[in-house]
Amino acid sequence: MRFLSLGSGSRGNATLLQSGETLLLLDCGFTRKELQRRLSLVDLACDDIDAILLTHEHSDHLRGAQALSRHHAIPVWATAGTLRGSEWAESSELHQINANSGDFRIGDIRITPFTVPHDAAEPCQYVFADSRKRVGILTDAGSVTSHIVSQLQQLDALLLEFNHDQQMLRNGPYPRSLQLRVGGDHGHLSNAQSIGLLGQLDHQNWQHLVAAHISEKNNDPQLVRSALDSFDTSMASRFSVLNQEKPSRWFDLG
Ligand SMILES: [Zn+2]
Ligand SMILES: [Zn+2]
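Residues numbered from 1 in each chain as written. Chains lettered and ligands numbered in written order. Predicted model: local features only at pLDDT ≥ 70, side-chain atom pairs only at ≥ 80, totals over all residues. Heavy atoms only, no water.

*Asks:* Which parts of the structure should I look at to understand the coordination of the zinc ion (ligand 2)?
*Replies:* The textbook angles at a metal center are 109.5 degrees for a tetrahedron of four donors and 90 or 180 degrees for an octahedron of six. Those donors, His 56 (NE2), His 58 (ND1), His 118 (NE2) and Asp 140 (OD), are the protein atoms that reach the zinc ion (ligand 2), and they lie 2.1 to 2.5 Å from it. If you look at the zinc ion (ligand 2), its 4 donor atoms make angles of 91 to 170 degrees with each other, and the shape they trace is irregular. A spacing of 3.6 Å is found between the zinc ion (ligand 2) and the zinc ion (ligand 1), which share Asp 140 as a donor. In this pair, His 118 is assigned in the loop between β8 (109–115) and β9 (124–129) and Asp 140 in the loop between β10 (134–138) and α5 (146–151), connecting sequence segments 22 residues apart. Take His 118 and Asp 140: they sit in the same class, and that class is buried. (Donors = N, O, S within 2.8 Å, 3.2 Å for Na, K, Ca; no water. Tetrahedral: all angles 85-135°; square planar, octahedral: opposite > 155°, others 65-115°. Helix = DSSP H or I, 4+ residues; strand = E, 2+ residues; numbered from the N terminus. Buried < 20%, exposed > 50% of the residue type's maximum accessible area, 1.4 Å probe, protein only.)

This is how it looks when you write it as structure tokens:
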């Protein structure tokens, strides 16, 4: 199993996961053209993608998803609420997910969706597993619930939102209403909330911790790194911070 971010942040998110013969795309927050460009940077093409999974209908996760699915006949998995919220119009192959009814399989990857508190119609996040390794993905969660904590146990890697620094958000350029939305219980995780979550997870043996969905206006990668360092310095060599502008390397789970 391995994974790669094609870009992450409030202007677009897309993540690849691969095991055996199966290549999944989680969210498509870039236009189809831009996704194509980013895929080519990592020697892949749209036709290599076996399935698209969606977390929710916000445009930074959905932007090019319909066009990609339609042009390349790629099947899509999403909750009923996400499909409704995105006004999914195309006749591409659709698979409706119920985030409360356990896992399902696409090719060589087993997928467990789980619900999160976020201000979308029916948002979910995922754990991806093959016969050897488990990768958790958590972005776009306004708060850490006991359900989230229970879903993210026994992982080998986690891609985790570090959206904002609370002080930078408070003193930043967003209007008050947006500050309240982002920092609220159905918005996004702050650095402190994500560190708090790590403290509830058995992270000692993880191979990768990848910081995602970092706000360009209300956070600073340096703050994210120092928050992690003061939590657990032993994670530093396994820690990466994603970028809005360009794809990451592959994070391999050997
Ligand atoms: Zn988002
Ligand atoms: Zn969102």
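*Asks:* Would you explain the sheet that holds strand β6 (residues 94–97) in this entry?
*Replies:* In a beta sheet, neighbouring strands pair by backbone hydrogen bonds and run either parallel or antiparallel. On the basis of which strands lie adjacent, the open sheet formed by 7 strands has the order β6-β5-β4-β3-β2-β1-β14 and mixed pairing. In this open sheet, the two strands that pair with only one neighbour each are β6 and β14 (251–252). In terms of strand pairing, strand β5 (residues 76–79) meets β6 through 4 bridges, oriented parallel. For Trp 77, the partnering residue across the bridge sits in β6 and is His 95. Strands in contact with helix α1 (residues 32–41) are β1 (2–7), β2 (14–19) and β3 (22–26); relative to β1, the strand with the most contacts, it is inclined by about 130 degrees. (Pairing = 2+ DSSP bridges. Contact = heavy atoms within 4.5 Å. Axes fitted to C-alpha atoms, helices over the stretch in contact; angles between N-to-C directions.)

*Asks:* Please explain the coordination of the zinc ion (ligand 1) as it appears in this structure.
*Replies:* Protein coordination at the zinc ion (ligand 1) comes from Asp 60 (OD), His 61 (NE2), Asp 140 (OD) and His 213 (NE2), with a distance range of 2.1 to 2.2 Å. Coordination at the zinc ion (ligand 1) is irregular: its 4 donor atoms span angles of 90 to 160 degrees at the metal. Counting gaps between the donor residues of the zinc ion (ligand 1) yields the pattern D-H-x78-D-x72-H.

*Asks:* I would appreciate a short explanation of helix α3 (residues 65–72) in the present structure.
*Replies:* Think of an α-helix as 3.6 residues a turn; residues three or four steps apart then line up on the same face. Of the residues making up α3, those classed as buried are Ala 65, Gln 66, Leu 68, Ser 69 and His 72. One side of α3 carries all its buried residues, which in axial view fall inside an arc of 165 degrees. Those residues of α3 hidden inside the fold are in contact with β3, α1, β4 (51–53), α2 (59–62) and β5. Immediately downstream of α3, the backbone of Ala 73 shows phi near 50 degrees, a positive value. (Arc of directions from axis to C-beta.)

*Asks:* Is there a simple way to think about the sheet that holds strand β7 (residues 104–106) in this case?
*Replies:* Strand order in the open sheet formed by 7 strands is β7-β8-β9-β10-β11-β12-β13, and the pairing between neighbours is mixed. Of all the strands in the sheet, just β7 and β13 (239–241) have a single pairing partner and so form its edges. Within this sheet the neighbouring strands show an average axis-to-axis angle of 20 degrees, counted without direction. As paired strands, β7 and β8 are joined by 3 bridges and run antiparallel to one another.

*Asks:* Hey, could you run me through the pairing of β3 in this one?
*Replies:* The side chains of a regular strand alternate between the sheet's two faces. Counting buried residues along β3, 5 of its 5 residues qualify, which places the element largely inside the surrounding structure. Residues of β3 alternate between two faces, with Thr 22, Leu 24 and Leu 26 on one and Leu 23 and Leu 25 on the opposite face, all of them buried. Note: β2 against β3, 5 bridges, orientation antiparallel. Counted as the bridge partner of Leu 17 is Leu 24 from β3. Between β2 and β3, which pair antiparallel in sequence order, lie 2 residues; one of them, Gly 20, sits at a positive phi of approximately 55 degrees. As judged from the 3 bridges shared by β3 and β4, these two strands associate in the parallel manner. The residue bridging Leu 26 from the neighbouring strand is Leu 53, located in β4. What joins β3 to β4 is α1, and the crossover it makes is right-handed. (Right-handed = clockwise from strand over helix to strand, strands pointing away.)

*Asks:* Would you take a moment to explain the side chain of Gln 179 for this structure?
*Replies:* As for its position among the elements, Gln 179 is in helix α7 (residues 176–183). With sequence-adjacent residues up to four places away left out, Gln 179 is seen in contact with Leu 169, Arg 170, Gly 172 and Tyr 174.

*Asks:* Explanation requested: the packing of helix α8 (residues 191–198) against helix α9 (residues 221–231) in the structure shown.
*Replies:* Between two packed helices, the angle of one axis relative to the other and the distance separating the axes together describe the packing. One can describe the packing of α8 onto α9 by two numbers: an axis separation of 10 Å at closest approach and a directional angle of 30 degrees. Compared by their axis directions, α8 and α9 come out roughly parallel. Between α8 and α9 lies a crossing of right-handed hand. Across the interface between the two elements, Asn 191, Ile 195 and Leu 198 from α8 touch Leu 223, Val 224, Ala 227, Leu 228 and Phe 231 from α9. Tallied by class, the residues present in the contact of α8 with α9 amount to 7 nonpolar, 1 polar and no charged. (Parallel < 35°, antiparallel > 145°, perpendicular 65-115°, else oblique. Left-handed = near helix turned anticlockwise from the far one by under 90°. Nonpolar A, V, L, I, M, F, W, Y, C, P; charged D, E, K, R; others polar.)

Geometry only, nothing functional implied.
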